[in-house]
Amino acid sequence: KEQVFGEKLASLLKWGVASTRFKDIHDLYYLGHRPDFDRQRLEEYLGKWVYGSSATWLPMTDGSGIGEALVAILNDGIYRRGFASSKDKWLDVDDDEAIGWLIGYFS
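Residues numbered from 1 in each chain as written. Predicted model: local features only at pLDDT ≥ 70, side-chain atom pairs only at ≥ 80, totals over all residues. Heavy atoms only, no water.

S.K.: Tell me what's going on with the packing of helix H1 (residues 2–15) against helix H4 (residues 63–74), and back it up with residues and numbers.
M.R.: One way to put it is that H1 packs onto H4 with a least axis distance of 10 Å and a crossing angle of 60°. For the element pair H1 / H4, the angle class is oblique. Considering only the axes of H1 and H4, their crossing is left-handed. Of H4, the residues touching H1 (which contributes Leu9, Leu12 and Leu13) are Ile66, Ala69, Leu70, Ile73 and Leu74. (Axes fitted to C-alpha atoms, helices over the stretch in contact; angles between N-to-C directions. Helix = DSSP H or I, 4+ residues; strand = E, 2+ residues; numbered from the N terminus. Parallel < 35°, antiparallel > 145°, perpendicular 65-115°, else oblique. Left-handed = near helix turned anticlockwise from the far one by under 90°. Contact = heavy atoms within 4.5 Å.)

In structure tokens:
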């Protein structure tokens, strides 16, 4: 679960506002709320795929950099309109709650 979370997050950070994988926001919300989710293990994966990677939309070295990138991506008007109209959302979670949680997780 931490690996999947890390891969989905890395993809979002790579594609930025051009990402169309809106379902991933719900996947991240679900995985991050599991009681057995291990944040320390997630950090190991982020160290491999995100921190210091040239493949991300913005360079980052820690969780606060991820938080800043997520604010820019997830609050972008075009991204939000695409997310709001997506038919792939599978959790009964308000858009603002899912996005706010993800940003808050890395802030």
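S.K.: Give me the lowdown on helix H5 (residues 77–85), citing residues and values where you can.
M.R.: Of all the residues in H5, the buried ones are Tyr79, Gly82 and Phe83. All buried residues of H5 project into a common sector of 100° when viewed along the axis, lining one side. Facing away from the buried surface of H5 by more than 90 degrees, the exposed residues are Ile78, Arg81 and Ala84. Here the buried face of H5 lies against H1, helix H2 (23–32), H4 and helix H6 (95–105). Where H5 begins, the side chain of aspartate 76 points an oxygen toward the backbone nitrogen of isoleucine 78, at a separation of 3.0 Å. (Buried < 20%, exposed > 50% of the residue type's maximum accessible area, 1.4 Å probe, protein only. Arc of directions from axis to C-beta. Polar contact = N/O pair within 3.5 Å; in protein donor to acceptor, adjacent residues only side chain to side chain.)

S.K.: Describe in detail the side chain of aspartate 24, supporting the description with residues and values.
M.R.: Relative to the assigned elements, aspartate 24 resides in helix H2. A residue is classified by how much of its surface remains accessible, and aspartate 24, at 5% relative accessible area, is buried. In terms of polar contacts, aspartate 24 uses its side chain to reach the side chain of arginine 21, at 3.0 Å.

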